[in-house]
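Geometric and topological summary
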Number of protein chains: 2
Amino acid sequence: MSDRVCNFSPGPAVLPVPVLEQAQRELVALPGLGISALEISHRSKWFEGVLAETKALLTELLAIPAGYSIVFLQGGSNLQFSMIPMNFLRGTGKPADYVVSGTWGQKAVQEAQKEGPANVAWDGKADNYSRLPNAGEPKLTPDAAYVHITSNETIQGVQFQADPAFGSSPLVCDASSEFLSRPVNVAQYGMIYACAQKNAGIAGVTVCILRNDFLERVPADLPTMLDFKAMVKNDSLYNTPPVFAIYITNLICKWLQSEVGGLTKMAERNREKARLLYEAVDSGFYRGHAQPACRSQMNVTFRLPSEELEKAFVKQAEKHQLYELKGHRSVGGIRASIYNAMPLEGVKTLRSFMDEFRKRNG
Amino acid sequence: MSDRVCNFSPGPAVLPVPVLEQAQRELVALPGLGISALEISHRSKWFEGVLAETKALLTELLAIPAGYSIVFLQGGSNLQFSMIPMNFLRGTGKPADYVVSGTWGQKAVQEAQKEGPANVAWDGKADNYSRLPNAGEPKLTPDAAYVHITSNETIQGVQFQADPAFGSSPLVCDASSEFLSRPVNVAQYGMIYACAQKNAGIAGVTVCILRNDFLERVPADLPTMLDFKAMVKNDSLYNTPPVFAIYITNLICKWLQSEVGGLTKMAERNREKARLLYEAVDSGFYRGHAQPACRSQMNVTFRLPSEELEKAFVKQAEKHQLYELKGHRSVGGIRASIYNAMPLEGVKTLRSFMDEFRKRNG
């Protein structure tokens, strides 16, 4: 694998090498089938098996309790920002509450407000989205249609350290950039959704986990493709799903289960990777963006003493095969995304580079 | 390639072998980049290049005139069935006209009717969707918001033999199952759209070609992901597009241009493939579904004297490595989908099998 670089991209992001290698081996023809996963019918027995197995693996990995459904949709989190209020706000006569902890939370509430009354129950803007609210901080509406949170903000690098509890309305969670990185108490949520291109696969598929009684609120006459109930009823096969993307998610779930050993083990690996980088951030010279108690284990964001040094950091890192370290254009600085598939070795290389860069420039 | 079978699936469908082989070679790491196309950022220079090149190739292949935009979306034709009336019917105060020539046309108008007044200007149901209307047949609304057609009905196997002219309202065409199979006079259309998984790539990306002045009608405050104007303005990068799917479309466009020699050459190949099968259909025993003047060159649909014989046909065909020949569950019979990437050799094998099966059972 010496021809591969360390890819710290925030998404689409690095995938496990064994997954890439299996996909490569099978790319021209699936063993025993003579048809590529890029070509095979979504109505084939093979794909039926992939779909059922992926749902079973997700159920096992996340310990999803009975009474939940899993669907695979398209359009990423951005489409969810509209689908969720269409399905769960429209026609309820109630407002929805949004906890806005970064750029993705902002986008979510902006789209929701096109659909109906969506309150900003808390907004971290005053602190430049460097922290998260305590349980009592958000101004929640009693009996809100739902409360929406973003469990990890990819751009700012803040992450809820445990499943948050905000009131008693159904909790809807955009888990895009931390999905499958650690165990979750699914029972606390009405809905969890995640675009796949961080920890769960490639761009082009979104995993939605919905509590069945929450689904009962979906109004009639929605566009079928935007109707969660129709999607669940048809088991992700109302239209042609992104077959290849779901197959990659399947391979990743298998990797998580059999090579990593489940989400508790995955979380341990992720904690260690994050620790290595935050330790460097806290050694001076660098300045972390997120408050320590809210730090993301997926997206490590920090600044250097000057923009010139930040540019030099990104440029020199590439000489060590460390790529995609530039922070999001809206925030600046440095961001190292260290999703599940980023190997410890890659993080160690970055850590060494950070130490060395500090010594040379600090 | 001896481990591959002949895949007559209606979609997802067979891809050109050179495309599969290139994707396979590059799957673990793109040459010189060290990152897989499954992992690379949509903001990377590489993907910017792929996107620009794919648009340029489509423009050249289809001779798209100035004043049109190309965007790559998700959700397939089914999402388009809702997006189109949201963007071009809502708020116009006019009805839209739908020419319904098969199952996909039916689905399109049903979704449109959720959004606003959508007339069935013509419906081929009385003839079991075996024919298409003449220019004068549809009852068109003067000054309709648009006229929607399905240029090829995948399930019934009927296809407009040339770009149809229906009144003077903008013509919106679902070209999903014939896109890139022959030249098109794009200037006749307000919009052409196609899910990729027939001739243009894999499931998970939809190509939309829109006339810029038609785009000006898009109302304000649509959900951003469903707003064609926002999608065009952001050059398919408002959200994370399905990077890998667009890369495969890119490889297919290159194959069409450099290995096939363009769409006129592609159409010649497709005509010859279709001719071979319809000749067998017309030799007795078999009974074609579509009237000869409306026959699809992509989906060849026919019946046998009994359902038992149809079952035997499908089963015995598999012994010759001929797969996915069963007609759609809503119609029955046999369907051979012979998209661009189905080689002439595959069609010849099917033709021989059809002749032999007739001799044995006729």
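Reading the values: the criteria
- Residues numbered from 1 in each chain as written.
- Chains lettered and ligands numbered in written order.
- Predicted model: local features only at pLDDT ≥ 70, side-chain atom pairs only at ≥ 80, totals over all residues.
- Heavy atoms only, no water.
- Contact = heavy atoms within 4.5 Å.
- Buried area = accessible area lost by both parts, 1.4 Å probe.
- Salt bridge = Lys/Arg side-chain N within 4 Å of Asp/Glu carboxyl O.
- pLDDT = per-residue confidence, 0-100.
- Core = buried A, V, L, I, M, F, W, Y, C linked by side-chain atoms within 4.5 Å.
- Buried < 20%, exposed > 50% of the residue type's maximum accessible area, 1.4 Å probe, protein only.
- Helix = DSSP H or I, 4+ residues; strand = E, 2+ residues; numbered from the N terminus.
- Pairing = 2+ DSSP bridges.
- Axes fitted to C-alpha atoms, helices over the stretch in contact; angles between N-to-C directions.
- Expected span 1.5 Å × (residues − 1).
- Parallel < 35°, antiparallel > 145°, perpendicular 65-115°, else oblique.
- Nonpolar A, V, L, I, M, F, W, Y, C, P; charged D, E, K, R; others polar.

**Topic: the interface of chain A and chain B**
Contact residues are listed per partner, giving 61 residues for chain A and 61 residues for chain B. Both sides together, the interface formed by chain A and chain B hides about 4,700 Å², and carbon and sulfur atoms give 58% of it. Of all residues in chain A, Val28(A), Leu38(A) and Glu39(A) bury the most surface against chain B, accounting for 15% of the area lost on that side. Linking chain A with chain B are two salt bridges.

**Considering the confidence of the model for chain A**
Taken residue by residue, chain A gives an average pLDDT of 97. The fraction at 70 or more is 99%. Across the interfaces of the predicted complex, the ipTM metric reaches 0.98, alongside a pTM of 0.98.

**Thoughts on the nonpolar core**
Of all hydrophobic cores here, the largest spans 127 residues; its most connected members are Phe179(A), Phe244(A), Ile248(A), Phe179(B), Phe244(B) and Ile248(B). In this view, Ile248(A) contacts Leu15(A), Val19(A), Ala23(A), Gly201(A), Ile202(A) and Leu38(B); residues no more than four positions away in its chain are not counted. Ile84(A), Cys208(B), Leu210(B) and Leu222(B) belong to the second-largest nonpolar core, a separate cluster that totals 68 residues.

**Observations concerning the environment of Ala220(A)**
All names here are of chain A. With respect to the element layout, Ala220 can be found in the loop between helix 5 (212-215) and helix 6 (228-233). Take Ala220: its relative accessible area is 67%, and that puts it in the exposed class. As a C-alpha pair, Ala220 and Val100 span 120 residues in sequence and 29 Å in three-dimensional space.

**A few points about the sheet that holds strand 10 (residues 206-211) of chain B**
Residues and elements named next belong to chain B. Read across the sheet, seven strands follow the order 2-10-9-8-5-3-4 without closing on themselves; strand pairing throughout is mixed. Each having just a single partner strand, strand 2 (68-73) and strand 4 (118-123) make up the two edges of the open sheet. Across this sheet, the average inter-strand angle for adjacent strands is 20°, counted without regard to direction. Contacting strand 2 and strand 10, helix 2 (residues 45-61) crosses the sheet at an angle of about 125° to strand 2.

**What to know about helix 10 (residues 344-361) of chain A**
Residues and elements named next belong to chain A. If you check helix 10, its first and last C-alpha atoms are 25 Å apart, about what 18 residues at 1.5 Å a residue would give, namely 26 Å. Within helix 10 the residues assigned to the buried category are Gly346, Val347, Leu350, Arg351, Phe353, Met354, Asp355, Phe357 and Arg358. The inward-facing, buried residues of helix 10 contact strand 1 (6-7), helix 8 (263-281), strand 12 (299-303), helix 9 (307-319), strand 13 (322-323) and strand 14 (334-337).

**Re the packing of helix 8 (residues 263-281) of chain B against helix 10 (residues 344-361) of chain B**
Residue and element names in this part refer to chain B. It is at 10 Å that the axes of helix 8 and helix 10 come closest, and there the two elements cross at 5°. Overall, the two elements helix 8 and helix 10 adopt an arrangement that is roughly parallel. Residues Glu272, Lys273, Leu276, Leu277, Glu279, Ala280 and Val281 of helix 8 form the contact with helix 10, whose own contacting residues are Leu344, Val347, Lys348, Leu350, Arg351, Met354, Asp355 and Arg358. Counted by class, the contact of helix 8 with helix 10 contains eight nonpolar, no polar and seven charged residues.

**Brief notes about the side chain of Gln80(A)**
Residue and element names in this part refer to chain A. Mapped onto the fold, Gln80 is located in helix 3 (residues 76-88). Using a relative accessible area of 0% as the deciding quantity, one classes Gln80 as buried. With residues up to four places along the chain from it excluded, the contact list for Gln80 reads Leu73, Pro85, Met191, Tyr193, Thr206, Cys208 and Phe228.

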